[in-house]
Amino acid sequence: MHFTLRNFIIYIIFGTINSFGQGLTDMSLQKMKLANDAKAGIVNFDDINSYVGSPYENYEFVLGSVYQNDTLKGKDIPLRFNVVSKQFEVKETLFTPNSEISNLEKIPNLIIKINDKTFELTPFNGSFIQGDYLEVLYTGTQVDLYKKHYKDVRYPIKASTSLTRDVPAKFTDESTYFIVTKRKKFYELPKSRNNKFKVFGQKENLMEKYAKKIKLDINEEKDLITLVEYFEKQ
């Protein structure tokens, strides 16, 4: 059946919505300037020449799939991830003009598969509408590893005198990682390399020795995945 945006409108009545346990342990990232800030309106996201970097994880729309739990809701859907606004943008076809872009409706247990990556909608304070899409890097038997994409946003500055120049908006890629239990309790990994090992609790020393033994850099994503895989075996 040919997919249209109308096909994807899902009418479900939720009596209660169960949040994922305690949610994220440290929501300081919510204090960032996001796209719904008043200032963000002065950046035209579709004018790629007006800023440095990108507000998107993928600027070009690509075909992806949308699931709710394990149920496929739509495939070959043109999608792009607006990291700043925490929205997956969708349109009817790859050739549909950007003036007709919509935001994918945020519903419980939403999973997006795009560009060989999997994103899961995670609620904030029990609200899926206010939630964020986290990339699933590793799925284990006891814990999973998630990655939060975000942007360090510098908004444009107009020249104050004839001797100065306008400074364009700038988007810089940033990320943070979470070890997630099967009960959906999130443990954020600190930025510091040494402090990251503390998230492993009683196995902190064991994990640090293992990383040193096989020369893993816990700040490198692939090495972090290897470390989490080892953690599951202990």
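Our structure's up above, just so we're on the same page.
The rules we used
- Residue numbering note: each chain is counted from 1, following its sequence as written.
- Predicted model: local features are reported for residues with pLDDT of at least 70 only, side-chain atom pairs are reported and counted for 80 or more only, and whole-chain, interface and lining totals are derived from all residues.
- Calculation of side-chain values draws on the structure's entire complement of heavy atoms; hydrogens and water are dropped beforehand.
- Only DSSP runs of H or I covering at least 4 residues are called helices, and only runs of E covering at least 2 are called strands; the numbering of each starts at the N terminus.
- Only protein chains enter the area calculation, which uses a 1.4 Å probe; residues under 20% of their type maximum are buried, those over 50% are exposed, and those in between are partly exposed.
- Here, residues are in contact when the closest pair of their heavy atoms is within 4.5 Å.
- We get accessible surface area from the Shrake-Rupley algorithm with a probe of 1.4 Å; when it comes to residues, only the shown protein chains can shield them.
- By this rule, a helix spans an expected 1.5 Å times one less than how many residues it contains.
- When the centres of two rings from Phe, Tyr and Trp lie within 6.5 Å, Trp using its six-membered ring, the rings pair. Their planes under 30 degrees apart give stacked, over 60 give edge-to-face, and anything left gives tilted.
- For a lysine, the NZ atom is tested; for an arginine, the CZ atom; a charge sits over a ring if that atom is within 6 Å of the ring centre and within 35 degrees of the ring normal.
- We define a nonpolar core as any set of buried Ala, Val, Leu, Ile, Met, Phe, Trp, Tyr and Cys residues linked to one another through side-chain atoms lying within 4.5 Å.
- Nitrogen and oxygen atoms within 3.5 Å of one another constitute a polar contact, given that in protein one can donate a hydrogen and the other can accept it, and given that sequence-neighbouring residues count only through two side-chain atoms.

Our focus in this paragraph is the overall build of the protein chain. Looking only at helices and strands, the protein chain features 3 helices and 11 strands. Helices and strands appear in the protein chain in the N-to-C order β-β-β-β-β-β-β-β-β-β-β-α-α-α. The proportion of buried residues among the 234 residues of the protein chain is 43%. The long-range share in the protein chain, meaning contacts at least 24 apart out of those at least 6 apart in sequence, stands at 52%. Accessible surface for the protein chain amounts to roughly 13,700 Å². Of this, 49% is attributable to carbon and sulfur atoms.

Next up on the list: helix α3 (residues 221-233). Over its 13 residues, α3 runs 19 Å from end to end, which matches the ideal 18 Å to within 8%, given 1.5 Å per residue. Residues of α3 that are buried: D223, L224, I225, L227, V228, Y230, F231 and E232. In this structure, the buried residues of α3 make contact with β8 (127-139), β9 (143-154), β10 (169-181) and α2 (204-213).

Attention now moves to the packing of aromatic side chains. For any pair of aromatic rings, geometry is given as the distance between the ring centres together with the angle between the planes. Per the stated rule, a full pass over the model turns up 11 aromatic pairs. Aromatic side chains Y51 and F171 sit 5.3 Å apart centroid to centroid with 90 degrees between the ring planes, which places their arrangement in the edge-to-face category. Taken together, the positions of Y51 in strand β1 (residues 51-52) and F171 in strand β10 put the pair 120 residues apart, joining distant regions of the chain. When the ring of F81 is compared with that of F88, the centres are 4.7 Å apart and the planes differ by 10 degrees; the resulting orientation is stacked. Both residues of the pair, F81 and F88, belong to the buried class. One aromatic cluster is present, formed by F81, F88, F119 and Y133 through successive ring pairs. Taking the ring centre of F61 as reference, the NZ or CZ of K91 above it sits at 4.5 Å. Of note, K203 hangs over the ring of F231, and the distance from its end group to the ring centre comes to 5.0 Å.

Right, let's talk about unusual backbone geometry for a bit. The phi dihedral of N69 falls on the positive side, at around 60 degrees, and the residue is not glycine. Examined against the element boundaries, N69 turns out to sit in the loop between β2 (62-68) and β3 (71-82). Assessed through its relative accessible area of 45%, N69 is described here as partly exposed.

For the rest of this paragraph, the subject is the nonpolar core. Counting 19 residues, the largest nonpolar core has L145, F200 and L227 as its most contacted members. For this core, the secondary structure elements donating two or more residues are β8, β9, β10, α2 and α3. Among the elements that take part in this core, α3 stands out by supplying 6 residues, more than any other. Aside from chain neighbours lying at most four places away, what touches L145 is E135, V136, L137, Y138, Y177, F178, I179, L224, I225 and V228. In terms of nonpolar packing, the next biggest core, distinct from the first, is built from 16 residues, V83, F88, L110 and Y133 among them.

A few words now on the environment of D144. Examined against the element boundaries, D144 turns out to sit in strand β9. Taking relative accessible area as the criterion, D144 reaches 5% and is therefore assigned buried. Residues D144 and K184, spaced 40 residues apart in sequence, show a C-alpha to C-alpha distance of 9.1 Å. In contact with D144, other than residues within four places in its own chain, are Y138, T139, F178, I179, V180, K182 and K184. Of the polar contacts made by the side chain of D144, one reaches the backbone nitrogen of G140; its length is 3.1 Å. Within the structure, the side chain of D144 is placed 2.7 Å from the side chain of K182, a separation counted as a polar contact.

Read these as spatial facts, not as claims about activity.
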